[in-house]
Amino acid sequence: MTESTKTKKQKPPVEESLLTCGHRACAGCGEALGAKLVMDAAGPNTIVATSTGCLEVFSTAFPQTAWRMPWIHSLFENSAAVAAGIEAALRNKGKHDINVIAQGGDGGTADIGLGCLSGLLERNQNVLYVCYDNEAYMNTGVQRSGLTPYNARTSTSPSGTESFGNQHQKKNLLGICAAHNIPYAATATVAYPQDLMMKVKKALKIPGAKFLQVHVPCPLGWIHKSELTIEVAKLAVSTGLFPIVEMQYNKVTRTRKIGKDRRPVEDYLKLQGRFKHLFTDTAKDELEKVRQIAQANIEYFGLE
Amino acid sequence: MKMMIEGSMGVAYMVMRCRPNVIAAYPITPQTHIVEDLSQFKADGELSGEFINVESEFGAASVVLGAQAAGARAYSATTSQGLLLMGEVLFNMAGMRLPVVITVANRAISAPISIWNDHSDAMVMRDSGWIMLFAEDNQEAADMHPQAYKIGENPEIMLPVMINMDGFILTHAVETVDIPSQKEVDEFLPPYKPEEYLNVENPLTFGNLAEPQWYMETRYKLQETQEDAKALIEKIADEYKGKFGRYHGGLIDTYRMDDAERVFVAMGSIIGTLKDVVDDLRARGEKVGILKIRSFRPFPKEKIREVCGHVKELLVLEKAISFGLGGVLQEELRSTFYGQKHQPKVLGFVLGLGGRDIPPKSLIKLYEVSKGKEISNEFVDLRPEVAPKGSLVTL
């Protein structure tokens, strides 16, 4: 960590990340890794607006900051609008060569911040929005969000004698964003860092509004061993539960095929305590429903 | 240049003269004409700032927050429900010390839904940390904008400023408004050059997490700065007078108060009505005057005490109420004099809610019948079927 406000930064050594070490994220945090990759792909000529959530809390406890770039946090649901204001300010001052990134978690993006995000995408302002999707409100203690997968157990969608966990399907956030007819909308995962960084760089070269949903496992909330973050993230892709795709102007332009690497959903679910309740005799039908979700994803995007 | 225009257009012209880099707004009656006029200026190439259409007032406030943090001068306007929807962002802007200026076309709050004027909306934001100014007429509303930017952007202050003008009564009233030239306003209001902003050359972090060992100090500084702003508000009103020859008061203004024993206290457009009422009463030999509260936050306790040395009674007229307590301004006045050597009696009246008309005859009547009485939270001009027994002035 470095001292934050009112101190001029030293020229950093090249190997130091723009989201530097020493922050307070949990061991194995997918979001910290995802944000680091996004920032390093974007480079220092970037201004960042961040929603309230783990990412902001673990990186900016005053008087320290882990951000070696101009960075702002305002509220939970407004990073898209704050970034829109930054972009408008830069545009008005003739500074057209600075990247603007807005970012937030799945709750801050797909639930409470969806209005501001829609406004940004509709106006097609030159901003890249990055959603770090760890599939629940982790900062407040693992409550369900609109991006929590079907049948996942969270602290507000617990499993019990009458429930198998979250009873709502994961919101199609990529589809919602792409439907604004923006030039670029994609998914990525910390499992494949080069792909993620390539997408950030590609997006930042395209004028207009861009959206990137990054799948980031949360060992604490998903209840998996912290050293399994990458393995869990890979299995989300190879089971078909988190498709990796690119869309331009609401058309799918590129997908990561699964092909013969396809794995049964159980391989993914078994590593995580949030799905433990699905491995009982009474849950067989529910497990089948998760298989069907994966199959539907694979068919829809042609991932085979 | 003198123009016969709507209050909203006077504000729009003056906002343009302040050269905001970014404007973001969402339509809500009776604020709409301000942002429609600004949109037209943009469409006609007169306005150099960006005009961002947003999906809500929450979005509008967040966009101007981001713009201001990026070193831009930013502006928005709203009212009522829109101000409430902005609320979370307004508190945030004050905490982040971003000197945005917004105009509030004051309007009642739902339910029941009412698009008409009162001050309930502004009163909700009184603890937000914003500087809150109230305009008496359209000229003052227009003139307040360059003053507001100059107050808020002062490096020692760095606070957002809310300019309140009565919805419809001012926003939609056509009056003569003198709009200074761009050159004159430029001479008064220099470009916004913040010491710190989002800048790739000097990367800083804004909006940190403050743990318990730090948070209280941010609150202390906000309170301290509000106090510091008092002198600056006065100074800038004087400067404006020197430059443009117009003075609408500093923290307060007074009317025929020199020997006044009973004094009306109010904010906003009702001051204009009261001036006629006071002239009538003076013609009958009454020693009466007006204390206009121009700055509600910071609240000018010292200045009020200073001009009320000889005053026996304050008749506080307000267009808002804090349910379960009573009139807000009335209680602020009582606390202003509590424990002081000279304590004028404070009489509190609530009137004009949701656009209820305030005719001079009602004000004259309440002045007459309230003599010698102890009065708090007296609703003026209630319908007789609802008014409690002993109401002083009913419809």
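In this text the structure is predicted, and so the values were computed from the model without any measurement.

**A short note on the overall build of chain B**
Along the backbone of chain B there are 12 helices and 16 strands. Here the C-alpha atoms of chain B give a radius of gyration of 21 Å, agreeing with the 21 Å that 2.2 N^0.38 yields for 395 residues. For chain B, the spread of C-alpha atoms along the three principal axes comes to 65 × 50 × 45 Å. When each of the 395 residues of chain B is scored for burial, the buried share is 60%. In chain B, the share of contacts with a sequence separation of at least 24, taken over all contacts with a separation of at least 6, comes to 79%.

**Concerning empty space enclosed by the protein**
Residues and elements named next belong to chain B. Summed over the entire model, instances satisfying the criterion amount to 4 cavities of 30 Å³ or more. Approximately 40 Å³ is the volume found for the largest cavity. Surrounding the largest cavity, H119, A266, M267, I270, L317, E318, K319, L329 and L351 form its lining. Residue composition of the lining of the largest cavity, by class: 6 nonpolar, 1 polar and 2 charged.

**Quick word on the environment of P44(A)**
Mapping P44(A) onto the fold places it in the loop between α1 (30-42) and β2 (46-50). Considered as a pair, P44(A) and P70(A) are 26 residues apart in the sequence and their alpha carbons are 8.5 Å apart.

**Re the side chain of D166(B)**
Residues and elements named next belong to chain B. Inspection of the secondary structure assignment puts D166 in strand β7 (residues 161-166). Take D166: its relative accessible area is 1%, and that puts it in the buried class. With residues up to four places along the chain from it excluded, the contact list for D166 reads N106, N117, H119, T171, G268, S269, I270 and K319.

**What to know about the pattern of salt bridges**
Residues and elements named next belong to chain A. Counting across every chain of the model gives 47 salt bridges over all chains. Taking the shortest distance from any N to any O, the salt bridge between D133 and K170 comes out at 2.6 Å. Here K170 lies in the loop between β8 (163-164) and α6 (173-178) and D133 lies in strand β6 (residues 128-133), a separation of 37 residues in the sequence. E246 is paired through a salt bridge with R254; the nearest N and O atoms lie 2.5 Å apart. For E246, a relative accessible area of 0% puts it in the buried group. On the basis of relative accessible area, R254 is assigned to the partly exposed category, the value being 40%.

**What about the packing of helix α3 (residues 79-92) of chain A against helix α3 (residues 57-69) of chain B?**
Running from N to C, α3(A) and α3(B) cross one another at 50°; their axes reach a closest spacing of 6 Å. Here α3(A) lies oblique to α3(B), going by the angle between them. Regarding α3(A) and α3(B), the two cross each other, and that crossing is right-handed. Here A81(A), V82(A), A84(A), G85(A), I86(A) and A89(A) of α3(A) come into contact with α3(B), specifically with G59(B), S62(B), V63(B), L65(B), G66(B) and A67(B). Along the lines of polarity and charge, the residues of the contact of α3(A) with α3(B) split into 8 nonpolar, 4 polar and no charged.

**Examining the environment of G289(B)**
All names here are of chain B. Note that G289 resides in strand β12 (residues 288-293). Placed 222 residues apart in sequence, G289 and A67 show a C-alpha to C-alpha distance of 44 Å. In contact with G289, not counting residues within four places along its chain, are Y255, R256, M257, A260, R262, V263, F264 and V278.

**What about the domain arrangement of chain B?**
Residues and elements named next belong to chain B. What the domain assignment lists for chain B is domain 1 (2-244) and domain 2 (252-379). In this structure, domain 1 and domain 2 have C-alpha centres spaced 27 Å apart. Taken together, the contact between domain 1 and domain 2 spans 30 residues of the former and 26 residues of the latter. Both faces considered, domain 1 and domain 2 share a buried interface measuring about 2200 Å² in area, 51% of it formed by carbon and sulfur atoms. On the domain 1 side of the contact with domain 2, R126, E136 and K230 bury the most area, a combined 28% of that side's loss. Run the count over domain 1 and domain 2 and you get 7 salt bridges. The partner of E140 in a salt bridge is R294, and the shortest N-O contact between them spans 2.5 Å.

**Points about the sheet that holds strand β16 (residues 378-379) of chain B**
Residue and element names in this part refer to chain B. Spatially, 6 strands are ordered β10-β12-β11-β14-β15-β16 in an open sheet, and the strand pairing comes out mixed. Only two strands of the sheet have a single neighbouring strand rather than two, namely β10 (252-255) and β16. As paired strands, strand β14 (residues 313-318) and strand β15 (residues 345-350) are joined by 6 bridges and run parallel to one another. Note that in β15 the partner of L315 across the bridge is L347.

**Section: helix α12 (residues 360-369) of chain B**
Among all positions of α12(B), only S362(B), L363(B), I364(B), L366(B) and Y367(B) are buried. Against β11 (262-266), α9 (270-283), β12, β14 and β15 of chain B lie the buried residues of α12(B).

Reading the values: rules and limits
- Residues numbered from 1 in each chain as written.
- Chains lettered and ligands numbered in written order.
- Predicted model: local features only at pLDDT ≥ 70, side-chain atom pairs only at ≥ 80, totals over all residues.
- Heavy atoms only, no water.
- Helix = DSSP H or I, 4+ residues; strand = E, 2+ residues; numbered from the N terminus.
- Rg over C-alpha atoms; globule rule 2.2 N^0.38 Å.
- Buried < 20%, exposed > 50% of the residue type's maximum accessible area, 1.4 Å probe, protein only.
- Contact = heavy atoms within 4.5 Å.
- 1 Å grid on protein atoms, 1.4 Å probe; cavity = no way out; pocket = protein on both sides within 12 Å on 5 of 7 lines; lining within 4 Å.
- Points joined across faces, edges and corners; volume = space filled by probe spheres on them.
- Nonpolar A, V, L, I, M, F, W, Y, C, P; charged D, E, K, R; others polar.
- Salt bridge = Lys/Arg side-chain N within 4 Å of Asp/Glu carboxyl O.
- Axes fitted to C-alpha atoms, helices over the stretch in contact; angles between N-to-C directions.
- Parallel < 35°, antiparallel > 145°, perpendicular 65-115°, else oblique.
- Left-handed = near helix turned anticlockwise from the far one by under 90°.
- Domains from an automatic or database assignment.
- Buried area = accessible area lost by both parts, 1.4 Å probe.
- Pairing = 2+ DSSP bridges.

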